Amino acid sequence: MSWFNEVVFYHIYPLGAFDAPHVNEGDKTAGPRIMQLLDWLPHLKRLGIGAVYIGPIFESMSHGYDTIDYYTPDHRLGSKEDLQTVFRVLHEAGIRIILDGVFNHVGRACPLYQDVVKNGDASPYRWWFSNLQFGWGNPLGDPCTYNTWGGDWNLVKLELKNPDVRHYLLEAVASWIRDYEIDGLRLDTADVLEPEFIRELKAFTRSQKEDFWLMGEFMNNANCQMMGPDLLDSITNYECWKGMYSSINTKNYFEISYGINRQTNPEWGMYKGKFLYNFLDNHDQTRIADQVNDKRALKNLYTMLLTMPGIPSIYYGSEWGMTGRKGQGAEADYPLRKPMTKEAMEAGDQGLMEHIAHLSAIRAGSKALQYGGYKNVLERNQQLVYAREWNGEVKIVGFNIAEEPYDFHVGYNGQAYDFTLGPWESVVL
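Right, let's walk through the structure included here. Bear in mind that the values here come from a model prediction, so they are computed numbers and not experimental data.

Calculation notes
- Residues numbered from 1 in each chain as written.
- Predicted model: local features only at pLDDT ≥ 70, side-chain atom pairs only at ≥ 80, totals over all residues.
- Heavy atoms only, no water.
- Helix = DSSP H or I, 4+ residues; strand = E, 2+ residues; numbered from the N terminus.
- Rg over C-alpha atoms; globule rule 2.2 N^0.38 Å.
- Buried < 20%, exposed > 50% of the residue type's maximum accessible area, 1.4 Å probe, protein only.
- Contact = heavy atoms within 4.5 Å.
- Lys, Arg positive; Asp, Glu negative; His and termini not counted.
- Charge placed at Lys NZ, Arg CZ, Asp CG, Glu CD.
- Pairing = 2+ DSSP bridges.
- Axes fitted to C-alpha atoms, helices over the stretch in contact; angles between N-to-C directions.
- Phe/Tyr/Trp six-rings, centres within 6.5 Å; stacked < 30°, edge-to-face > 60°.
- Lys NZ or Arg CZ within 6 Å of the ring centre and 35° of its normal.
- Polar contact = N/O pair within 3.5 Å; in protein donor to acceptor, adjacent residues only side chain to side chain.

## Structural notes on the overall build of the protein
Then comes step 1: A tally of regular secondary structure across the protein gives 13 helices and 21 strands.
Then comes step 2: Here the C-alpha atoms of the protein give a radius of gyration of 22 Å, agreeing with the 22 Å that 2.2 N^0.38 yields for 429 residues.
Then comes step 3: If one aligns the C-alpha atoms of the protein with their principal axes, the spans along those axes are about 75 × 50 × 40 Å.
Then comes step 4: For the protein, the proportion of its 429 residues judged to be buried stands at 57%.
Then comes step 5: Contacts in the protein between residues at least 24 apart in sequence constitute 66% of all its contacts with a sequence separation of at least 6.
Then comes step 6: Each charge sign in the protein was given a centre, from 40 positive and 55 negative side chains, and these centres are 3 Å apart.

This is the structure:
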């Protein structure tokens, strides 16, 4: 058993949530915006949050994933001392801290890369970047080309096979553990990281903190081989992210019940015995309130998120039904990363928030929901019942997305369960 399998995560994109300028202009745009998180603490406790994944937070020029300094907090969020204050208060409240580890690439403004631009082959960082070649320029006017992330020339891919690069990154992580007492990392673009680097990172972080958590971002779910004692503890569950809202929109619960069973079946599930990181939306995807065809589905979806196998994560603001559709071009993600104020919290869907808080409390007291196996008990297009069981404790979870009430008569392990759910209702028994 591990702490990260037992808590509900809360995901904050701080540059958006705390209304930072989109471009970092140093002192001109500096400010202790991270301190706003202290005002959220009563809400986090009300939701039963046990870990906050907050990132990215280190110095960058724009969206945070174009890191220019792994040791300095982004000036738009605050100082090192500001972060230490906020993280200390969260830890005192029993909330763990997870940061973004952006190790595949750096921003083009990173001094390490700029040293190469200035000094060419004489730079001590000449071999720190993937496939960096002189002789012709790139579209941004530099005298070299290099591998990028996603074709973005502002994101210069690091050469993780270089031991000097790995040492540099591990030293940065060591400083985060030492200075901020963080409890884990979410690895950005883990699908393109070197597996040997992940192994080295896992061994290193566990040597610093024995229960340190590593989760990797994977856009598909064919990566069970990247989870294990010497690799990642968890990965993003994009298969079930899509399956949850798609099942609701098409009124076809067979899709998500098949997906969960495919992952967790105790005999042949591809992730049996493992705990994936589950979510309904995040900083890269359209808010769930805009992803569903009918907003009455939201409570059902959060019931599933908080009771299905894996680690549940709530994206800031979505517990009140915050909206935001992914757009196009350079500003595509801005609608997903809007500021969150107390006024917006108070104006949001309080019924949905209370529903999530209730589910969080149920999960906190149930080893069956934290660790239990999964079994489909009833599968219909518009109704679903599954069981979670652990050491004799059983939780029955039921859903109805029909426009009329449905009378359930199901059995599990010789026990009969009879209950009625109205339109768009769900229940945990």
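There is more to say, and it comes next.
## What about the sheet that holds strand β21 (residues 426-428)?
Then comes step 1: Taken in spatial order, the four strands make up an open sheet running β16-β17-β18-β21, and their pairing is antiparallel. On the outer flanks of this sheet lie β16 (373-379) and β21, each paired with one strand and no other. Averaged over all adjacent pairs, the angle separating strand axes in this sheet is 15°, with direction ignored.
Then comes step 2: Both strand β18 (residues 393-400) and β21 contribute to a ladder of three bridges, which runs antiparallel. Directly across from F399, in β21, lies its bridge partner S426.
Then comes step 3: Its contacts with the sheet put helix α8 (residues 254-264) on β16 and β17 (383-390), and the angle it makes with β16 is roughly 155°.

## Notes on the packing of aromatic side chains
Then comes step 1: Counted according to the given criterion, the structure contains 34 aromatic pairs.
Then comes step 2: Ring centres 6.3 Å apart and planes at 25° place the aromatic pair W3 and F9 in the stacked group. Across the pair, F9 and W3 agree in class, each one buried.
Then comes step 3: Taking 4.7 Å as the distance between ring centres and 10° as the angle between the ring planes, the aromatic pair formed by F408 and F419 counts as stacked. Here the residue F408 occupies a position in strand β19 (residues 406-412), and F419 occupies one in strand β20 (residues 415-421), the gap between them amounting to 11 residues.
Then comes step 4: Ring pairs connect the aromatic residues F58, Y70, Y71, F87, F103, Y125, W128, Y168, W176, Y180 and F197, which therefore count as one cluster.
Then comes step 5: Seen from the ring of Y316, R287 lies directly overhead, with NZ or CZ sitting 4.8 Å from the centre.

## Remarks on unusual backbone geometry
Then comes step 1: Here G55 and P56 are connected by a cis peptide whose omega angle stands at 0°.
Then comes step 2: The phi torsion at D19 lies on the positive side, around 60°, for a residue other than glycine.
Then comes step 3: By the secondary structure assignment, D19 is in the loop between α1 (14-17) and α2 (41-47).

## Considerations on the environment of T145
Then comes step 1: Assignment of secondary structure puts T145 in strand β8 (residues 144-145).
Then comes step 2: As for T145 and F408, which are separated by 263 residues in sequence, their C-alpha atoms are 63 Å apart.
Then comes step 3: Those residues in contact with T145 that sit more than four places away from it in its chain are N131, L132, Q133, W136, G137, N138 and W153.
Then comes step 4: A polar contact is formed between the side chain of T145 and the side chain of W136, at a distance of 3.3 Å.

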